[in-house]
Amino acid sequence: MKVKLHIWRQSKASTAQNFAQDGKMVVYELDNVSKDMSFLEMLDFLNDKLTREGELPVAFDHDCREGVCGSCGIVIDGIPHGPQRGTTTCQLHMRSFKDGAEIYLEPMRAKAFPVLKDLVVNRSAFDRVVQAGAFISVSTGAPKDANAILVAKDAAEKAFDAATCIGCGACVAACKNASAMLFVGAKVSHFLHLPQGQPERDRRARNLVTAMDKEGFGNCTNQNECEAVCPKEISVRVIAEMNREFVRAKLREEPPSHKRVGGDG
Ligand code: FES
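Residues numbered from 1 in each chain as written. Predicted model: local features only at pLDDT ≥ 70, side-chain atom pairs only at ≥ 80, totals over all residues. Heavy atoms only, no water.

Engineer: What is the right way to look at the packing of aromatic side chains in this model?
Structural biologist: The geometry of an aromatic ring pair is captured by the separation of the ring centres together with the interplanar angle, meaning the angle of the planes. Within this structure, the stated rule accounts for 5 aromatic pairs. For the pair phenylalanine 113 and phenylalanine 217, a centre-to-centre distance of 5.8 Å together with 80° between the ring planes defines the contact as edge-to-face. Placement of the pair is phenylalanine 113 in the loop between strand S5 (101–106) and strand S6 (115–117) and phenylalanine 217 in the loop between helix H6 (201–214) and helix H7 (225–229), with a sequence separation of 104 residues. Comparing phenylalanine 113 with phenylalanine 217 shows no difference in burial state: the two are buried. Look at phenylalanine 126 and phenylalanine 183: their rings are 3.6 Å apart centre to centre, the planes differ by 0°, and that puts the pair in the stacked class. (Phe/Tyr/Trp six-rings, centres within 6.5 Å; stacked < 30°, edge-to-face > 60°. Helix = DSSP H or I, 4+ residues; strand = E, 2+ residues; numbered from the N terminus. Buried < 20%, exposed > 50% of the residue type's maximum accessible area, 1.4 Å probe, protein only.)

Engineer: Explain the sheet that holds strand S4 (residues 79–80) here, please?
Structural biologist: By way of backbone hydrogen bonds, the strands of a sheet pair with one another, either parallel or antiparallel. One open sheet holds the 5 strands; their spatial order is S2-S1-S5-S3-S4, and the pairing between them is mixed. Where the open sheet ends on each side, the last strands, each with one partner, are strand S2 (23–30) and S4. In the sheet, strand S3 (residues 75–76) pairs with S4 via 2 bridges, with the strands oriented antiparallel. Across the sheet, valine 75 pairs through a bridge with proline 80, a residue of S4. Sheet contacts for helix H1 (residues 39–52): strand S1 (3–10), S2, S3 and S5; angle to S2, the most-contacted strand, approximately 90°. (Pairing = 2+ DSSP bridges. Contact = heavy atoms within 4.5 Å. Axes fitted to C-alpha atoms, helices over the stretch in contact; angles between N-to-C directions.)

Engineer: Would you take a moment to explain helix H3 (residues 153–163) for this structure?
Structural biologist: An α-helical segment advances 3.6 residues per turn. Residues three or four places apart therefore align on the same side. Residues of H3 that are buried: Ala155, Ala159 and Ala162. Down the axis of H3, the sector holding all buried residues measures 60°, keeping them to one side. The exposed residues of H3 that point more than 90 degrees off its buried face are Lys153 and Phe160. Elements that come into contact with the buried residues of H3 comprise helix H5 (181–192) and helix H8 (237–251). (Arc of directions from axis to C-beta.)

Engineer: Explanation requested: the packing of H6 against H8 in the structure shown.
Structural biologist: Packed helices, taken two at a time, are described by their axes: the angle between them and the distance between them. Two elements in contact, H6 and H8, have axes whose closest approach is 8 Å; the angle formed by their N-to-C orientations is 110°. Looking at the two axes, H6 sits roughly perpendicular to H8. Read as a crossing pair, H6 and H8 show a hand that is left-handed. Contacts between H6 and H8 pair Arg201, Asp202, Ala205, Arg206, Val209 and Met212 from the former with Met242, Glu245, Phe246, Arg248, Ala249 and Lys250 from the latter. Residues of the contact of H6 with H8, tallied by class, amount to 6 nonpolar, no polar and 6 charged. (Parallel < 35°, antiparallel > 145°, perpendicular 65-115°, else oblique. Left-handed = near helix turned anticlockwise from the far one by under 90°. Nonpolar A, V, L, I, M, F, W, Y, C, P; charged D, E, K, R; others polar.)

Engineer: Which parts of the structure should I look at to understand the pattern of salt bridges?
Structural biologist: A side chain with one charge may pair with a side chain of the opposite charge, provided their charged atoms come close. Per the counting criterion, the structure on display carries 17 salt bridges. With a closest N to O distance of 3.2 Å, arginine 9 and aspartate 118 form a salt bridge. You can see arginine 9 sitting in strand S1 and its partner aspartate 118 sitting in the loop between S6 and strand S7 (120–121), a full 109 residues away along the chain. Both residues of the pair, arginine 9 and aspartate 118, belong to the buried class. Here aspartate 61 makes a salt bridge to arginine 123, at a shortest N to O gap of 3.3 Å. Of this pair, aspartate 61 sits in the loop between H1 and S3 while arginine 123 sits in the loop between S7 and helix H2 (124–133); the two residues are 62 residues apart in sequence, bridging distant segments of the chain. For arginine 123, a relative accessible area of 13% translates into the label buried. One salt-bridge network, held together by shared partners, links Asp202, Arg248 and Arg252. (Salt bridge = Lys/Arg side-chain N within 4 Å of Asp/Glu carboxyl O.)

Here it is as structure tokens:
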């Protein structure tokens, strides 16, 4: 099959002052593309051709190519990860496109995800949010038997649904507010339903939401674009849970101690 690719090419990293102004869409025509190629294999094929012709290859992120690491992520025809629901870019195949298709490829841009080069964005903001609280603290020692702590099936399923988040950032790229609430909600929900998540429950919700705001992600206005493009089809239920957990944590906060004014009297 033949495809005409319109690809965002950007040689310099974006800055807060110069947000995505250094790039432009460049057109590439590619012949002999197999419909059985994955989308990333098609880009490898293009890069091979560009390299042989003495041009710079297109930079794009990838690692596992199995839909589990969350590294890949291209906005394809205006949709993060492309037209197939519940599918990462690396798991998308060329048979999803018609012969002769014109395909538009852009990076997952957002204020908190500056473009580094071509289709690669810096998603380290997610790492900093995770470091703020998406974990449980456990003493070191021998691992416990997996069945030592019993978890009800319903709770285990809710936790597992949230734990499938791969942190790809599609939710942010799809949202008109560049909100990361589906991602952060998934981290809150993952531990909320498990007994191991209870001791740090309040601190986790407070710290994750605070870190998310500090990184410059926007707020949720209930458009649900995030759920529609999430390759793991995580439900917006996790956003409601995160909001509830944050309010609960704030209400349970110790009131600030009032200093006495006017001496010991
Ligand atoms: S490369 Fe790992 S999820 Fe796509």
